[in-house]
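# A closer look at the structure
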Amino acid sequence: MMVELNPIMRYFLLRDEWAFVLVKSATLFGAWGVLVWYAKTNREFVRRSCLWASGAYVALWVVWFSVGHFVLN
């Protein structure tokens, strides 16, 4: 069973798994396209932003997993 914390994406997940995959993929590829486009102007900013965002994403997952683990036990 999947749990989606984003209420917009949760709507698509509850409605249809393929709609969820389509919207999630479009969002990821769209963001990637913007990053590639802007890297031509300011590559260092894109590099730094990707590193910070990746770190924040990992931290969010670690906290979410830890809290979920303790709540379930």
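Up top is the structure.
This is a predicted model, so every value here is computed, not measured. (Residues numbered from 1 in each chain as written. Predicted model: local features only at pLDDT ≥ 70, side-chain atom pairs only at ≥ 80, totals over all residues. Heavy atoms only, no water.)

Picture a little ball the size of a water molecule; that probe, rolled over the atoms, points out where space is still empty. When its volume is computed, the largest pocket comes out at roughly 800 Å³. What lines the largest pocket is a set of 20 residues, and nearest its centre among them are Lys24, Leu28, Tyr57, Leu60 and Trp61. Every element with two or more residues in the lining of the largest pocket is listed here: helix 2 (17-39) and helix 3 (43-72). Residue classes in the lining of the largest pocket are distributed as 15 nonpolar, 3 polar and 2 charged. (1 Å grid on protein atoms, 1.4 Å probe; cavity = no way out; pocket = protein on both sides within 12 Å on 5 of 7 lines; lining within 4 Å. Points joined across faces, edges and corners; volume = space filled by probe spheres on them. Helix = DSSP H or I, 4+ residues; strand = E, 2+ residues; numbered from the N terminus. Nonpolar A, V, L, I, M, F, W, Y, C, P; charged D, E, K, R; others polar.)

The next subject is the side chain of Glu4. You can see Glu4 is positioned in the segment before helix 1 (7-15). As a buried residue without a salt bridge, Glu4 has its nearest oppositely charged side chain in Lys24, at a separation of 4.0 Å. Once residues within four sequence positions are removed from consideration, Glu4 is found in contact with Met9, Arg10, Leu13, Phe20 and Lys24. (Buried < 20%, exposed > 50% of the residue type's maximum accessible area, 1.4 Å probe, protein only. Lys, Arg positive; Asp, Glu negative; His and termini not counted. Salt bridge = Lys/Arg side-chain N within 4 Å of Asp/Glu carboxyl O. Contact = heavy atoms within 4.5 Å.)

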